[in-house]
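Understanding the architecture of this molecule
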Amino acid sequence: MRCAISRAARRRGKAWRAIPAALFCLIVGAAATAARADWAAGQAAYEKGDYARALAEWRDAAKTGDPKAEFGLGELNEFGYAGLKQNYKRAESWYEKAARQGNTEAKYRLALILVAGSENFPPRLAEAYKWAVLGAEGKGVWASLAANLKNDLKTVTNAEERAEGRKRAAAWEAARLTAKGAAQKPGAPAVAPSRSAPKPKPAVAVLPKPPKRPALPPLEQLKKELAQFDCAALRARNERDGLTVISGTVSKAPERDRLFRLAARLFPGRPTEVKVEIVPPPVCRSLAALDRLRRAGALVEEGLRLTLAAGGPALVEGEPIKVELKGPDYATNIRIDYFSLDGRVLHLWPNAAEPVAHLGAGATRVFWDAGGGKTWNAGGAPFGTELITAIATARPLDLGSALPPVEPAADYLHALRQALGRVSAKDRTRSLLVLLLVKTHAR
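The notes below deal with the structure included here. What you see is a predicted model, and the numbers here were worked out from it, not measured in a lab. (Residues numbered from 1 in each chain as written. Predicted model: local features only at pLDDT ≥ 70, side-chain atom pairs only at ≥ 80, totals over all residues. Heavy atoms only, no water.)

Strand order across the open sheet formed by 3 strands is β4-β6-β10, with antiparallel pairing between neighbours. The open sheet has two edge strands with one neighbour each: β4 (305–308) and β10 (364–367). Strand-to-strand twist of the sheet, defined as the mean angle between neighbouring strand axes without regard to direction, takes the value 20°. As defined by bridge partners, strand β6 (residues 323–326) adjoins β10 across 4 bridges and the pair is classed as antiparallel. Each bridged residue has a counterpart across the sheet, and for E324 the counterpart in β10 is V366. (Pairing = 2+ DSSP bridges. Helix = DSSP H or I, 4+ residues; strand = E, 2+ residues; numbered from the N terminus. Axes fitted to C-alpha atoms, helices over the stretch in contact; angles between N-to-C directions.)

Right, dumping it as structure tokens:
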């Protein structure tokens, strides 16, 4: 680390000069290391959901001007975590501190909260456009998102607001460069030369370093890190045009934001698309369990297409649950289940009226039969994102004794894992899976 003593520091008198320059460098270096450690500890706590610990660590690091810690404090205030009341004004203040040090994500978040507004924080569209302009001038994922937001803002701003935003962006950047230039004026030499001969360093035995493991390719490293997310079902792929796509579900908004940061770190300067839905517990736990079955090879997501027969992704309380399933090019046995936000699963098909559900080769069928009494209606609260699944197997799944129409999702998923293992061992065929997220609403 390069260390220089400012002119202002040299003017502070004999007490300051009594501190050896090398010791001063050591003190400054230790403080910087501590700040990085505080930010890393805070980030680790944040990713585990320990927001109180993240707040404490980031407050310490922010006192030294760490831009990542400043951004983290902005995020905690924006979402109202760690016992903080959601406060966009404080979030704006912390994001601005991070933005002044070149944090592109902070610029993007500023544009978002300024266009959205909240209680006691009215939207300021010209200011939002300013930050979108500044964010779009950077590089990487957050710059791409800022550029997209800048384009979207054209639909909610007028020409005067956009002109004012560009004017403010230019003034802000000019002021930042001026301040940066003033801070970088040459000062005193880095370290005063020593008048005495350096003391010889004691001999230290140098042990050979163990060979470094070859680094994983970025996509494989990404997949490894995605597996560490709690209550999530995530996957990643590279498209032919170089675009990296992350898809699936997470349980809360900060987890989705964490994906953007992860992509920015692993694929700097490359386009990344995050197509992820937020699905709260307990449905996210069911999705995560199904994803583990997929990664273990017990289920394959291909060959099936599942939709609501009425079209659209929504169900209103009391409406019939009518689903349309298109199967593969060979005959299969079908299971269709509905996972609700109260932690239970409703077994739609098979049922008491149709103990075994078949689907012919390449066939499409609407699963709903008012005449045969095989109907189900969307239930009541809690409302939100729920899940319908269809599984196609070569032979009917043996789930033990007769299943109740409704049971705890965790119990069913445990039995399902065992039944899929028995089918794979006997038939050596793949069991197919398709997922359908539905939005439920009160009547």
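Having put the structure on the table, let's press on.
Attention shifts here to the nonpolar core. W131, L222, L226, L234, I246 and L259 are the most contacted members of the largest nonpolar core, which has 44 residues in total. Not counting residues within four places of it along the chain, the set of residues in contact with W131 comprises E96, A99, K107, L110, A111, L114 and W172. (Core = buried A, V, L, I, M, F, W, Y, C linked by side-chain atoms within 4.5 Å. Buried < 20%, exposed > 50% of the residue type's maximum accessible area, 1.4 Å probe, protein only. Contact = heavy atoms within 4.5 Å.)

Right, let's get into the side chain of E127. Among the structural elements, E127 can be located in helix α8 (residues 125–136). The buried category is assigned to E127, whose relative accessible area is 11%. Only 3.0 Å separates the side chain of E127 from the side chain of K130, close enough to count as a polar contact. Residue contacts for E127: discarding those within four places in its chain leaves L114 and R168. (Polar contact = N/O pair within 3.5 Å; in protein donor to acceptor, adjacent residues only side chain to side chain.)

This part covers the side chain of T249. Secondary-structure assignment places T249 in strand β2 (residues 244–250). Ignoring sequence-local partners within four residues, the contact set of T249 consists of A232, A233, L234, V276, E277, V279, L287 and L437.

Bringing the packing of aromatic side chains into the picture now. Per the stated rule, a full pass over the model turns up 10 aromatic pairs. With a centroid separation of 5.1 Å and 50° between ring planes, the pair formed by W142 and F260 is classed as tilted. Highlighted residues: W142 in helix α9 (residues 141–152) and F260 in helix α12 (residues 253–266), separated in sequence by 118 residues. The same class applies to W142 as to F260, namely buried. A ring pair is formed by F339 and Y412, whose centres lie 6.3 Å apart and whose planes are at 45°; its orientation type is tilted. With F339 in strand β7 (residues 332–339) and Y412 in helix α14 (residues 409–427), this pair connects stretches of sequence that are 73 residues apart. Taken individually, F339 and Y412 each receive the classification buried, so the pair is uniform in this respect. Through successive ring pairs, a cluster of aromatic residues spans Y51, F79 and Y81. Directly above the ring of W94 sits K97, whose terminal nitrogen or CZ lies 5.6 Å from the centroid. (Phe/Tyr/Trp six-rings, centres within 6.5 Å; stacked < 30°, edge-to-face > 60°. Lys NZ or Arg CZ within 6 Å of the ring centre and 35° of its normal.)

The next thing to look at is the pattern of salt bridges. A full pass over the atoms with the stated rule returns 27 salt bridges. Notably, a salt bridge pairs E225 with R265, separated by 3.0 Å at the nearest N-O pair. Placement of E225 in helix α11 (residues 218–226) and of R265 in helix α12 is noted, with a sequence separation of 40 residues between them. Residues participating in the shared-partner salt-bridge network are R235, D291, R294, R295 and E301. (Salt bridge = Lys/Arg side-chain N within 4 Å of Asp/Glu carboxyl O.)

Taken in spatial order, the 3 strands make up an open sheet running β1-β2-β3, and their pairing is mixed. Lying at the two open borders of the sheet, with one neighbouring strand each, are β1 (233–238) and β3 (272–278). Strand-to-strand, the axes of this sheet are offset by a mean angle of 10°, without reference to chain direction. Judged from the 7 bridges that link them, β2 and β3 form a sheet pairing that is parallel. Among the inter-strand pairings, V250 is bridged to a residue of β3, identified as I278. The sheet contacts of α11 involve β1 and β2, and relative to β1 the element is tilted by about 175°. Seen against the sheet, α12 touches β1, β2 and β3 and runs at an angle of roughly 165° to β3.

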